[in-house]
Each structure stands twice: as C-alpha cells, then as structure tokens.
Amino acid sequence: MNDHIAPPALRSIRGAARCAVAALVLAGAAWAARAVWQILLATAGQPPSGPPDQGDGRHRTLTALENAYHIVSALGDAATVLCMIAFLAWLWRVRDNARALSGQRPRYAWPWVYAGWIVPIANLWIPRGIVADIHRASAPGERLPRAVNWWWGLWLVGSLVGAGLYAGTTDAVIARAYTDVPLLLVVDAALVGAAVAGVFVVRAVTAVQQKRMH
C-alpha cells in the first residue's frame, strides 16, 4: 500500500548503516566462533559413550567442550537475529531513499522486503533483486558492485547447505561435528564470507546514496 502514495522524503542512513555493519561483523564473528568450537569437538573426538542424544529420549551428561558449544551456539543465534533486524532496518531506509531519488516505485512491493527472505523459491533471488534495484535507482548508469553477487552467492551456499546440517537440536549439530565437520565448516565459511561481503554491500549502497543526497 505504501508504494501507491507520494515518494517519501530522503532519510538519514548513516546511523542505520553503522548498525548494519556492526551487526554483520558480530554475526560473522559468531559463525567463526562456531567453526572454532566444531574443530575443537572434531579434534577431541566423540566420547566412548556416544553422541549426546542417545535416542529414545535419553541424553548423556555433556562434556565441558559440548557445554561450551551450547553457549557459543546460543550467542551465535542471538547475533544472527540481531544482524537480520539491523540489516532489514537499513534496507528499508535505503529503499525509501532510492524511491525518493528516482521518483519511481520499487519493482518489489514493500512486503517483499521481509517476505522475500522466507517465501520458498522466491527467496533465491528477491533479496538480491531488491538490493540491485536500490543501487540502480540510487546510482543510475553505475555498475552493480561485485560485493552484491559475492554476498548473495555465499549466503545461498551457506543457507541452502546449512538448512540440512543445522536442522534439529544443538546436540544433533555436536554429533555432526564429530562425524561430518568438513561440511559444517563449509557452511560456516560461506556465512562468514557472506557477512564480510555484506559489509561492503552496505557501505557501497550507502555511499552512492550519500553522494546523491549531498
């Protein structure tokens, strides 16, 4: 509905950009910490008593390393949620600014800013499309930064592969760290890379808008 009214006024984005960058750095660090603990688990090896989840609702006592991984995982989940909130807040602001700068309605209606991440199939391209459209409207004729494709490609690898590996409980992930740590590390590396590339995306889009605004 917001797309059918007058274009919004230009909004300050420096604060939102700084928050998004800080949150991306925090999320990247959190996924790197997961990788470190998974390597430690794989190096220590699975205890003779077997995985934490023994089946039939039975769980053995966790080792100190496994307990620490539970904490790292919980903090990582919190950092990821914080990153999502900060990134979407920034995305909403630069989308409004792109509309004000171009005088044209965005190709994707406002619900897609959120729904584009969760609707199956559509979530394979819509978030990248929103960012690309924002850049195009903010800097007509300028080439899309390579960081956008790196960010989106790494995010797809991490999210699609990780959807299966990180499914279930933290105890299930610990069991996978004992048996399939290379695959977990691929996901971790992809998501850390996506966070780093995301920092460059935020900085690039923010810079072109600041240039137009001034």
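Relevant structure appears above.
Residues numbered from 1 in each chain as written. Predicted model: local features only at pLDDT ≥ 70, side-chain atom pairs only at ≥ 80, totals over all residues. Heavy atoms only, no water.

## Things to note about the nonpolar core
Link 1 in the chain: In terms of nonpolar packing, the biggest core is built from 34 residues, with Trp-90, Leu-91 and Trp-151 touching the most fellow members.
Link 2 in the chain: Excluding residues within four positions of it along the chain, Trp-90 makes contact with Ala-16, Ala-17, Ala-20, Val-201, Val-202, Val-205 and Thr-206.
Link 3 in the chain: Counting residues in hydrophobic clusters, the runner-up holds twelve residues, among them Leu-41, Tyr-166, Ile-174 and Leu-191. (Core = buried A, V, L, I, M, F, W, Y, C linked by side-chain atoms within 4.5 Å. Buried < 20%, exposed > 50% of the residue type's maximum accessible area, 1.4 Å probe, protein only. Contact = heavy atoms within 4.5 Å.)

## Description of helix H6 (residues 170–179)
Link 1 in the chain: Residues Asp-171, Val-173, Ile-174, Ala-177 and Tyr-178 constitute the buried set of H6. Angular distribution of buried residues about the axis of H6 spans 155°; they occupy a single face of the element.
Link 2 in the chain: Contact partners of the buried residues in H6: helix H1 (14–44), strand E2 (58–59), helix H2 (64–102), helix H5 (146–165) and helix H7 (181–213). (Helix = DSSP H or I, 4+ residues; strand = E, 2+ residues; numbered from the N terminus. Arc of directions from axis to C-beta.)

## Points about the environment of Ala-32
Link 1 in the chain: Within the secondary structure, Ala-32 sits in helix H1.
Link 2 in the chain: On the accessibility criterion, Ala-32 (32% relative accessible area) is partly exposed.
Link 3 in the chain: Between the alpha carbons of Ala-32 and Gly-193 there is a distance of 9.9 Å; along the sequence they are 161 residues apart.

## Here's the deal with the packing of aromatic side chains
Link 1 in the chain: The tally for this structure, following the rule as stated, stands at ten aromatic pairs.
Link 2 in the chain: Ring geometry for Trp-92 and Trp-110: centres 6.1 Å apart, planes at 80°, overall edge-to-face. Pair noted here: Trp-92 is in helix H2 and Trp-110 is in the loop between H2 and helix H3 (112–115), with a separation of 18 residues, a long-range link.
Link 3 in the chain: Taking the relative accessible area as the measure of exposure, Trp-110 reaches 29% and is therefore partly exposed.
Link 4 in the chain: Measuring from ring centre to ring centre gives 6.3 Å for Trp-117 and Trp-151, while their planes differ by 65°; the resulting arrangement is edge-to-face. Separated by 34 residues along the polypeptide, Trp-117 in the loop between H3 and helix H4 (126–138) and Trp-151 in helix H5 bring together distant segments of the chain. (Phe/Tyr/Trp six-rings, centres within 6.5 Å; stacked < 30°, edge-to-face > 60°.)

## Focus on the side chain of Glu-66
Link 1 in the chain: Relative to the assigned elements, Glu-66 resides in helix H2.
Link 2 in the chain: Contacts of Glu-66, omitting those with residues within four sequence positions, involve Leu-41, Pro-47, Pro-52, Arg-60, Ile-174 and Tyr-178.

## Focus: the pattern of salt bridges
Link 1 in the chain: Going through the model one piece at a time under the given rule, you end up with four salt bridges.
Link 2 in the chain: Several salt bridges converge on common partners, so that one network encompasses Arg-107, Asp-133 and Arg-136. (Salt bridge = Lys/Arg side-chain N within 4 Å of Asp/Glu carboxyl O.)

## Here's the deal with H4
Link 1 in the chain: Taking 1.5 Å per residue as the helical rise, H4 with its 13 residues ought to reach 18 Å, and the 18 Å between its terminal C-alpha atoms agrees with that figure.
Link 2 in the chain: Counting buried positions over the 13 residues of H4 gives eleven, a clear majority of the element.
Link 3 in the chain: Burial in H4 covers these residues: Ile-126, Pro-127, Gly-129, Ile-130, Val-131, Ala-132, Asp-133, Ile-134, His-135, Ala-137 and Ser-138.
Link 4 in the chain: In this structure, the buried side of H4 is in contact with H2, H3, H5 and H7. (Expected span 1.5 Å × (residues − 1).)

## Some details on the layout of surface pockets
Over the atoms, a rolled probe matching the size of one water molecule traces out where space is still vacant.
Link 1 in the chain: Approximately 880 Å³ is the volume attributed to the largest pocket.
Link 2 in the chain: What lines the largest pocket is a set of 35 residues, and nearest its centre among them are Thr-80, Met-84, Trp-155, Ser-159 and Leu-191.
Link 3 in the chain: Looking at the lining of the largest pocket, the elements with two or more residues in it are H1, H2, H5, H6 and H7.
Link 4 in the chain: In terms of residue class, the lining of the largest pocket is built from 23 nonpolar, ten polar and two charged.
Link 5 in the chain: One number sums up the size of the second largest pocket: a volume of about 240 Å³.
Link 6 in the chain: Every residue lining the second largest pocket is counted, 14 residues in all, and those nearest its centre are Arg-105, Pro-106, Arg-107, Asp-133 and Ala-137.
Link 7 in the chain: Elements supplying a minimum of two residues to the lining of the second largest pocket: H2 and H4. (1 Å grid on protein atoms, 1.4 Å probe; cavity = no way out; pocket = protein on both sides within 12 Å on 5 of 7 lines; lining within 4 Å. Points joined across faces, edges and corners; volume = space filled by probe spheres on them. Nonpolar A, V, L, I, M, F, W, Y, C, P; charged D, E, K, R; others polar.)

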